[in-house]
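# A closer look at the structure
So the chains spell out like this:
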Amino acid sequence: MAETRTLPLAPGAEFDLIRRFVPRAEPRRADVPVGVGDDCAVVSGHGIALSTDMSMEGVHFRRDWLSMREIGYRAAAAALSDLAAVAARPIGVLVSLALPPADVGDAAVELMKGVREAAELVGAAVLGGDVTRSPGPLAVDVTVVGEAAKPVLRSGAQHGDDVWVTGELGAAAAAVACLLRGEEPSAAARERFARPTPRVREARWLAERGLLHSLVDLSDGLAGDAAHLSAASGAAILLSAEMIPVHPAVRAAVADDEAALRMAVGGGEDYELCFTAPVGAVLGHAIDFERELGVPLTCVGRVGGGDGVWWVDAQGSRTALGIDAYQHFAEGA
């Protein structure tokens, strides 16, 4: 997110690198039914879901944008969102901190207050962690533990499914765009950037009603995370531009509707959910969902044959999305 991230790797290298860490041919244990490639690993027996997420100063946050408490909250919320992405029930978090000397003391205490606040929001406990000295920068690594007897994975999308998202998209990216220009973002945009809500309750609500074929959280933007669904399921994700729920704060931060759409689809860090469901299955539940949880549901497309993520019009014609998701190792990121 900050301007300091420039590494000489091609777009897409982040996920290529992950695949190189754990080759496809590596044997999988019988008690690890879900390993690398989804939002969480799942250990059988008790259906334990595990994920880890690192937040690095200068990459994921800047101190002139966020308080220490907000830094801790965002780091924990991002990790907890991975549990939402498989419809897991959160159990707890473990936090490892690499602290520059100036942060040892009250600053670290404030950061952990933010972590605890995010954990308590979804019913998780702070289980422990580790602390080490760092010459800089500050790093926060959060491991989350949850329970997922029947995890919902990226690989379940079926031809003909409806594609849905929770909430409205793009506000976090709008806040970053304003901050990079030296402008103060709107209160709504800043709130979505500084204090995202892991959609744990929402994911479990949908899963308990048997509505989910596949599921992912929107950390890399709808363009990128829909591509994860496509790759895992071997199907195309066909999006309707006019149906994308663009957050009102986005339109206030950019020049025109086209720029707003691009920010909503490619911006990332909304931590909403994108899921696929049998055609028509969600319609009868959408009103109850919003009334009970205070979050809207929007059908943004469907699953089709082929692969990749495309725009589709009313006649079924596809055009290239033309929007790239954020990549940590993309040149100029």
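See above for the structure.
Residues numbered from 1 in each chain as written. Predicted model: local features only at pLDDT ≥ 70, side-chain atom pairs only at ≥ 80, totals over all residues. Heavy atoms only, no water.

### A few points about the packing of aromatic side chains
The way to describe two aromatic rings as a pair is by their centre distance and the angle between their planes. With the rule as written, the count across this model stands at three aromatic pairs. Ring centres of Trp 164 and Phe 275 lie 6.5 Å apart, and the angle between their planes is 5 degrees; on these two criteria the pair is classed as stacked. Highlighted residues: Trp 164 in strand 6 (residues 162-166) and Phe 275 in strand 9 (residues 273-277), separated in sequence by 111 residues. Note on accessibility: Trp 164 and Phe 275 belong to one class, buried. Residues Trp 205 and Phe 289 carry aromatic rings whose centres are separated by 5.3 Å and whose planes lie at 85 degrees to one another, so their mutual orientation is edge-to-face. Of this pair, Trp 205 sits in helix 6 (residues 200-208) while Phe 289 sits in helix 10 (residues 286-293); the two residues are 84 residues apart in sequence, bridging distant segments of the chain. For the pair Trp 205 and Phe 289, a shared accessibility class is recorded, and that class is buried. Above the ring of Tyr 73, the side-chain terminus of Arg 195 is found at 4.4 Å from the ring centroid. Above the face of the Trp 205 ring, Arg 209 is positioned so that its terminal group lies 3.7 Å from the ring centre. (Phe/Tyr/Trp six-rings, centres within 6.5 Å; stacked < 30°, edge-to-face > 60°. Helix = DSSP H or I, 4+ residues; strand = E, 2+ residues; numbered from the N terminus. Buried < 20%, exposed > 50% of the residue type's maximum accessible area, 1.4 Å probe, protein only. Lys NZ or Arg CZ within 6 Å of the ring centre and 35° of its normal.)

### As for the side chain of Asp 225
Topologically, Asp 225 is positioned in helix 7 (residues 222-233). The side chain of Asp 225 is buried and forms no salt bridge, while Arg 154, the nearest opposite charge, is found at 5.4 Å. Excluding residues within four positions of it along the chain, Asp 225 makes contact with Val 216, Asp 217, Leu 218, Ser 219 and Asp 220. (Lys, Arg positive; Asp, Glu negative; His and termini not counted. Salt bridge = Lys/Arg side-chain N within 4 Å of Asp/Glu carboxyl O. Contact = heavy atoms within 4.5 Å.)

### Description of the nonpolar core
Formed by 62 residues in total, the largest nonpolar core has its most connected members in Leu 111, Val 140 and Phe 275. Looking at which element gives the most residues to this core, the answer is helix 2 (residues 68-84), with 10 residues. Among the nonpolar cores identified, the runner-up in size contains 34 residues, and Ala 235, Ala 260, Val 265 and Trp 311 belong to it. (Core = buried A, V, L, I, M, F, W, Y, C linked by side-chain atoms within 4.5 Å.)

### Observations concerning helix 6
Listing the buried residues of helix 6 in full gives Val 200, Glu 202, Ala 203, Trp 205 and Leu 206. The inward-facing, buried residues of helix 6 contact helix 2, strand 3 (89-99), strand 7 (214-217), strand 9, helix 10 and strand 10 (297-304). Phi turns positive, to about 65 degrees, at Gly 210, one or two residues after helix 6.

### So, helix 10
Every α-helix winds through 3.6 residues per turn, so residues three or four apart in the chain are directed the same way. Among all positions in helix 10, only Ala 286, Phe 289 and Leu 293 are buried. Around the axis of helix 10, the buried residues are gathered within 60 degrees of arc, so they sit on the same side. Summarising the geometry of helix 10, the exposed residues directed more than 90 degrees from the buried face are Ile 287 and Arg 291. Residues of helix 10 that are buried make contact with strand 6, helix 6 and strand 10. The positive-phi residue at the C-terminal boundary of helix 10 is Gly 294, with phi of around 75 degrees. (Arc of directions from axis to C-beta.)

### Comments concerning the packing of helix 2 against helix 3 (residues 106-121)
Contact geometry of helix 2 with helix 3 gives a least axis separation of 6 Å together with a crossing angle of 35 degrees. Along this stretch, helix 2 crosses helix 3, giving a crossing that reads as right-handed. Taken together, the residues of helix 3 that come into contact with helix 2 (itself represented by Met 68, Arg 69, Ile 71, Gly 72, Tyr 73, Ala 76, Ala 77 and Leu 80) are Ala 107, Glu 110, Leu 111, Lys 113, Gly 114, Val 115, Glu 117, Ala 118, Ala 119 and Leu 121. A breakdown of the residues in the contact of helix 2 with helix 3 according to their chemical character gives 12 nonpolar, two polar and four charged. (Axes fitted to C-alpha atoms, helices over the stretch in contact; angles between N-to-C directions. Left-handed = near helix turned anticlockwise from the far one by under 90°. Nonpolar A, V, L, I, M, F, W, Y, C, P; charged D, E, K, R; others polar.)

### Brief notes about the pairing of strand 4 (residues 125-133)
Bridging between strand 3 and strand 4 involves eight bridges; their strand directions are parallel. Each residue of the ladder has a partner; that of Val 95, found in strand 4, is Gly 129. The β-α-β motif built from strand 3, the intervening helix 3 and the parallel element strand 4 has right-handed crossover chirality. (Pairing = 2+ DSSP bridges. Right-handed = clockwise from strand over helix to strand, strands pointing away.)

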